[in-house]
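Chain by chain, the residues:
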Amino acid sequence: MSTVLHLARPEIVALQAYEHALWDTRFERLHANELPWRGVADSSVAGLNRYPEPHPRELEKQLAALYEVPVECVVAGRGSDEAIDLLVRVFCRAGQDRVVICPPTFGMYGVAARIQGAAVTAVPLLRDRGFALDEARLLSACDAQTKIVFLCSPNNPTGNSLGHDAVARIVTALAGRAVVVIDEAYIEFSARQSFVNAVAAQPHVAVLRTFSKAHGLAGARLGALIAHPDIVALARRVIPPYAVTQLTIEAAGHALAPTALAVTRERIAAVLAERARLAAALAELRGIRKVWPSDANFLLVDFDDPRDALERTRGADLLIRDVRGNTGLECSLRITVGSPDQNDRLIESFR
Ligand SMILES: *Cc1c(COP(=O)(O)O)cnc(C)c1O
């Protein structure tokens, strides 16, 4: 099967994209009804009185270089959240199609599907196998209405990576049947190999990467959908023009400079060192049942008394995430690895 077009909503395949104002930097702009003067506090390079590039090709070239994929395989958007929304809107017809998720996992997959009117089938991860994929159940859950399977690796909130071979087998089994989305928001904190190099040859695979975690730019809202050009072309019809703001384009440009990337690598190493220290310290404490292994910048921790643990951290002016609402995580809290000082205060609050 050489395409995913038959999986997409026919009205999106037929859609005429919005025709935005021409982008040609050789000319001065009297065609977009912008003001010719900058705002008073505008310290941007390009001037925020001007619209940004409608689809930021230069930024996408830089992202393609970072992720080592062809530029035809990249769409930049407002975080991975936008990529999730785009995929659901491209592939799922309201009231007819469905997505498959593997809980406990990131909540946005189900929310985006429900907003679009798509049904959600849950195939839980196997807690007693370290939250591994239930491959057989996952494949048998994929019926003719299933358009997207969301896999998150490393998974939020459990922290484990899904087995590379298991994901590869699912990708192979679903060729031509459904789009497999692999959310790699935390992969920079893991030693695992990314699936980005699978997208050029596998038209039904999409990988999500983000600047919100390892790159430290959550406030800028930047993510990348990395997929076969067929999926990219469909996503481009749905993404609004000017989705990525000029401030974000400039912030990303700074973050992608070699010196900034070197700092990012140092910070990832610092998080990994703190993750190991924090995990070891927590495992020693009374009242903590289990610190789950993590491939991400957070730890899933099972407590005897999670309510007491939440109160103690608040008492130390720290917020941690209550994930007890997830089936199988009734005693669990999710703790982001912070600075050494924050981690010390957290450990102290549990003593
Ligand atoms: C944090 C996170 C993201 C990032 O979302 P952005 O919209 O890029 O900030 C994506 N997926 C998962 C699983 C996450 O935990």
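Every value quoted in this text rests on a predicted model; they were computed, and no experiment measured them. (Residues numbered from 1 in each chain as written. Predicted model: local features only at pLDDT ≥ 70, side-chain atom pairs only at ≥ 80, totals over all residues. Heavy atoms only, no water.)

Some words on the nonpolar core
Here is step 1 of the chain: Residues Leu 59, Leu 63, Leu 133, Leu 138 and Leu 151 are the most contacted members of the largest nonpolar core, which totals 50 residues.
Here is step 2 of the chain: When near neighbours in sequence (up to four residues on either side) are disregarded, Leu 63 contacts Val 74, Ala 76, Phe 211, Ala 224 and Leu 256.
Here is step 3 of the chain: Core analysis: the second largest hydrophobic core is formed by 35 residues, Val 90, Ile 148, Phe 150 and Leu 208 among them. (Core = buried A, V, L, I, M, F, W, Y, C linked by side-chain atoms within 4.5 Å. Buried < 20%, exposed > 50% of the residue type's maximum accessible area, 1.4 Å probe, protein only. Contact = heavy atoms within 4.5 Å.)

Description of unusual backbone geometry
Backbone phi values are negative for most residues with the exception of glycine, while trans is the configuration of most peptide bonds.
Here is step 1 of the chain: Following Pro 103, the chain continues into Pro 104 via a peptide bond in cis, with omega recorded as 0°.
Here is step 2 of the chain: Its location among the elements puts Pro 104 in the loop between β2 (98-101) and α4 (108-116).
Here is step 3 of the chain: In this structure, Phe 131 is a non-glycine residue whose phi angle is positive, near 60°.
Here is step 4 of the chain: Overall, the relative accessible area of 2% leaves Phe 131 in the buried class.
Here is step 5 of the chain: For Arg 221, which is not a glycine, the phi torsion comes out positive at approximately 60°.
Here is step 6 of the chain: Along the chain, Arg 221 falls in the loop between β6 (205-210) and β7 (223-227). (Helix = DSSP H or I, 4+ residues; strand = E, 2+ residues; numbered from the N terminus.)

Quick word on the packing of aromatic side chains
Here is step 1 of the chain: For the coordinates displayed, the defined rule picks out six aromatic pairs.
Here is step 2 of the chain: Ring geometry for Tyr 51 and Tyr 242: centres 4.6 Å apart, planes at 35°, overall tilted. In this pair, Tyr 51 is assigned in the loop between α1 (10-13) and α2 (57-67) and Tyr 242 in the loop between α7 (229-238) and α8 (246-255), connecting sequence segments 191 residues apart.
Here is step 3 of the chain: Here Tyr 51 falls in the partly exposed class, since its relative accessible area comes to 39%.
Here is step 4 of the chain: An aromatic cluster of at least three residues, connected via ring pairs, comprises Phe 106, Tyr 109 and Phe 150.
Here is step 5 of the chain: Looking at Lys 290, its charged tip hangs above the ring of Trp 292, at a distance of 4.4 Å from the centre.
Here is step 6 of the chain: In this structure, Arg 334 is placed above the aromatic ring of Phe 298, and the distance from its NZ or CZ to the ring centre is 5.6 Å. (Phe/Tyr/Trp six-rings, centres within 6.5 Å; stacked < 30°, edge-to-face > 60°. Lys NZ or Arg CZ within 6 Å of the ring centre and 35° of its normal.)

Remarks on the pairing of β2
Here is step 1 of the chain: Pairing analysis gives four bridges linking β2 to strand β3 (residues 119-122), with the strands arranged parallel. Paired with Arg 98 across the two strands is Ala 119, which belongs to β3.
Here is step 2 of the chain: Crossover handedness for the path β2 to α4 to β3: right-handed.
Here is step 3 of the chain: The pairing of β2 with strand β4 (residues 146-152) spans three bridges and is parallel. (Pairing = 2+ DSSP bridges. Right-handed = clockwise from strand over helix to strand, strands pointing away.)

Section: the packing of helix α3 (residues 79-91) against α4
Here is step 1 of the chain: Between α3 and α4, the least distance of the axes is 9 Å, while the angle of their chain directions is 40°. Put simply, α3 runs oblique to α4. Note that α3 runs across α4; the crossing there is right-handed. Counted together, Asp 81, Ile 84, Asp 85, Val 88 and Arg 89 of α3 and Met 108, Tyr 109, Ala 112, Ala 113 and Gln 116 of α4 form the full contact between these two elements.
Here is step 2 of the chain: Looking at the contact of α3 with α4 residue by residue, the classes come out as six nonpolar, one polar and three charged. (Axes fitted to C-alpha atoms, helices over the stretch in contact; angles between N-to-C directions. Parallel < 35°, antiparallel > 145°, perpendicular 65-115°, else oblique. Left-handed = near helix turned anticlockwise from the far one by under 90°. Nonpolar A, V, L, I, M, F, W, Y, C, P; charged D, E, K, R; others polar.)

Comments concerning the site of the ligand
Here is step 1 of the chain: The environment of the ligand is made up of 14 residues, and the closest members are Ser 80, Asp 183, Thr 210, Ser 212 and Lys 213.
Here is step 2 of the chain: Here an oxygen atom of the ligand sits 2.6 Å away from a polar atom, N or O, in the side chain of Thr 210.
Here is step 3 of the chain: Note that an oxygen atom of the ligand is positioned 2.6 Å from one of the side-chain N or O atoms of Ser 212.
Here is step 4 of the chain: In the complex, 93% of the free accessible area of the ligand, which totals 390 Å², lies under the protein chains.
Here is step 5 of the chain: A per-element tally of the shell around the ligand places α3 first, with three residues. (Near = heavy atom within 4 Å. Polar contact = N/O pair within 3.5 Å; in protein donor to acceptor, adjacent residues only side chain to side chain. Areas by Shrake-Rupley, 256 points an atom, 1.4 Å probe, with all protein chains shown as cover.)

What is shown is where atoms sit, not what they do.
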